[in-house]
Amino acid sequence: MKNFKEKIISFLGRDCRIETVPLIDSTNRAVKDLAEQGAPEGLVFFAEEQTAGRGRMGRSFFSPPGSGLYFSVLLRPKDTDPLKITVAAGVAVARAVQETLGLELQIKWVNDLYFKNKKVCGILAEGLVSEEGLEYCVLGVGVNVFAPRAGFGELDVIAGALLEEPRDGLRAKLAAAILNHFSALYENLEDPAILQEYRGRSYLQGKTVTALRGNERFRAMVVGIDDTAALLLKRENGQVVALSSGEVQLEDYR
Ligand code: BTN
């Protein structure tokens, strides 16, 4: 592949391969294919630009060149709920941004990171589950590091960037910090401190939302996050329900 670059880094406690390409449809798609071909845990795949970046619920992730970080990691966890991987990745990104730029991010359950009320990062963990359990999980992370030159277009109401202007070397520094933090958290995904930090960064706490669960749609107030990382919602009839999949929209659809 033209312009394809390869490097070995220490990640997840071993030597791992990082691949970088200028352009791809989706790094999650590419890593999924490599996983099917038997690639080992710890493979990391970066792209400068994606033409079909994937988001949750069949949505796309806007991935223009020169402004973002788009990468996927291949994980082969023994016996883990992919939700725990999403939670750890969210905490890793938030810690890395704080360490690198001194900015405080909030996490919108389940997989989005917010800065100044705008989405600056999306996380997509896609797994293959067989009879033996979770065969592999592809963890995809997209961060809007700098505002794209042409703006976010129609996504402008929702999407934002960490910084308005590009800074040399920053994306590489941030990528290294995310991988380091994730590597440390992945050693013990059961550590209650991870969920504690995730809760502490909750963007939705106390807010009124519309929850989407299967075909059901209801208004509720966010009252917490339980020990399985499910979102706790108080419905208008006072009943508290736990949402472990699906999604919630804020009143203004953020
Ligand atoms: C979301 O917003 O719902 C999740 C977005 C995840 C985007 C990242 S970018 C790198 C990786 N490759 C993809 O196709 N998607 C993820």
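The model shown is predicted, which means the values in this text are computed figures rather than measured ones.

Q: Quick question: what am I supposed to make of the side chain of Ser-202 here?
A: Here Ser-202 lies in the loop between α4 (192-200) and β9 (208-213). Contact partners of Ser-202, with chain neighbours within four places excluded, come to Gln-106, Ile-107 and Ile-225.

Q: Any chance you could explain the pattern of salt bridges here in plain terms?
A: Pairs can form between side chains of opposite charge once their charged atoms are near each other. Using the criterion set out here, one finds 17 salt bridges in the structure. Its salt-bridge partner being Glu-216, residue Arg-213 comes within 3.2 Å of it at the nearest N-O pair. Within this structure, Arg-95, Glu-104, Glu-197 and Arg-201 form a network of salt bridges that share partners.

Q: Help me out: how do you make sense of the packing of aromatic side chains in this one?
A: Two numbers describe a pair of aromatic rings. These are the distance of the centres and the angle of the planes. Going through the model one piece at a time under the given rule, you end up with five aromatic pairs. Note on Phe-62 and Phe-152: the rings are 6.2 Å apart at their centroids and 65 degrees apart in plane angle, and the pair reads as edge-to-face. Placement of the pair is Phe-62 in the loop between β3 (44-50) and β4 (68-75) and Phe-152 in the loop between β8 (133-144) and α3 (170-186), with a sequence separation of 90 residues. Judged by relative accessible area, which is 35%, Phe-62 ranks as partly exposed. Overall, the relative accessible area of 10% leaves Phe-152 in the buried class. Looking at Lys-207, its charged tip hangs above the ring of Tyr-203, at a distance of 3.7 Å from the centre. The side chain of Arg-235 reaches across the aromatic face of Phe-218, ending 3.9 Å from its centre.

Q: Just checking my understanding: could you explain unusual backbone geometry for this structure?
A: Peptide bonds are, in most cases, trans, and in most cases residues other than glycine have a negative phi. Cis rather than trans, the peptide bond between Trp-109 and Val-110 has omega equal to 5 degrees. Position of Val-110 relative to the elements: it lies in the loop between β5 (106-108) and β6 (112-115). At Leu-12, a residue that is not glycine, the phi angle is positive and equals roughly 50 degrees. One can find Leu-12 in the loop between β1 (5-11) and β2 (14-24). Despite not being glycine, Met-57 has its phi angle at roughly 55 degrees, a positive value.

Q: Could you clarify how one ought to interpret helix α2 (residues 82-101) in this entry?
A: One turn of an α-helix holds 3.6 residues; hence residues three or four places apart share an orientation. Along its 20 residues, α2 runs 28 Å from first to last C-alpha, staying within 8% of the 28 Å computed at 1.5 Å per residue. Here α2 lies mainly inside the structure; 15 of its 20 residues are buried. Backbone geometry just after α2 places Gly-102 at a positive phi near 70 degrees.

Q: I'm lost on the state of the cysteines in this one. Help?
A: What is meant by a disulfide is a covalent connection between two cysteines, made through their sulfur atoms. Using the criterion set out here, one finds zero disulfides in the structure. Considering cysteine sulfurs only, Cys-137 is the nearest to Cys-121, which forms no disulfide, with 15 Å between them. Owing to a relative accessible area of 0%, Cys-121 belongs among the buried residues under this scheme.

Q: How should I be thinking about the site of the ligand in this particular structure?
A: Around the ligand lies a shell of 20 residues, among which Ser-26, Thr-27, Arg-54, Arg-56 and Lys-119 are the nearest. In the model, an oxygen atom of the ligand is placed 2.7 Å from a nitrogen or oxygen of the Ser-26 side chain. In the environment of the ligand, a nitrogen atom lies 3.4 Å from a nitrogen or oxygen atom belonging to the backbone of Asn-28. Alone, the ligand offers 420 Å² of accessible surface; in the complex the protein occludes 98% of this. Elements represented by at least two residues in the shell around the ligand include exactly α1 (27-36), β4, β7 (118-130) and β8. Per element, the largest residue contribution to the shell around the ligand is four residues, and it comes from β7.

Rules used in this analysis
- Residues numbered from 1 in each chain as written.
- Predicted model: local features only at pLDDT ≥ 70, side-chain atom pairs only at ≥ 80, totals over all residues.
- Heavy atoms only, no water.
- Helix = DSSP H or I, 4+ residues; strand = E, 2+ residues; numbered from the N terminus.
- Contact = heavy atoms within 4.5 Å.
- Salt bridge = Lys/Arg side-chain N within 4 Å of Asp/Glu carboxyl O.
- Phe/Tyr/Trp six-rings, centres within 6.5 Å; stacked < 30°, edge-to-face > 60°.
- Buried < 20%, exposed > 50% of the residue type's maximum accessible area, 1.4 Å probe, protein only.
- Lys NZ or Arg CZ within 6 Å of the ring centre and 35° of its normal.
- Expected span 1.5 Å × (residues − 1).
- Disulfide = S-S within 2.5 Å.
- Near = heavy atom within 4 Å.
- Polar contact = N/O pair within 3.5 Å; in protein donor to acceptor, adjacent residues only side chain to side chain.
- Areas by Shrake-Rupley, 256 points an atom, 1.4 Å probe, with all protein chains shown as cover.

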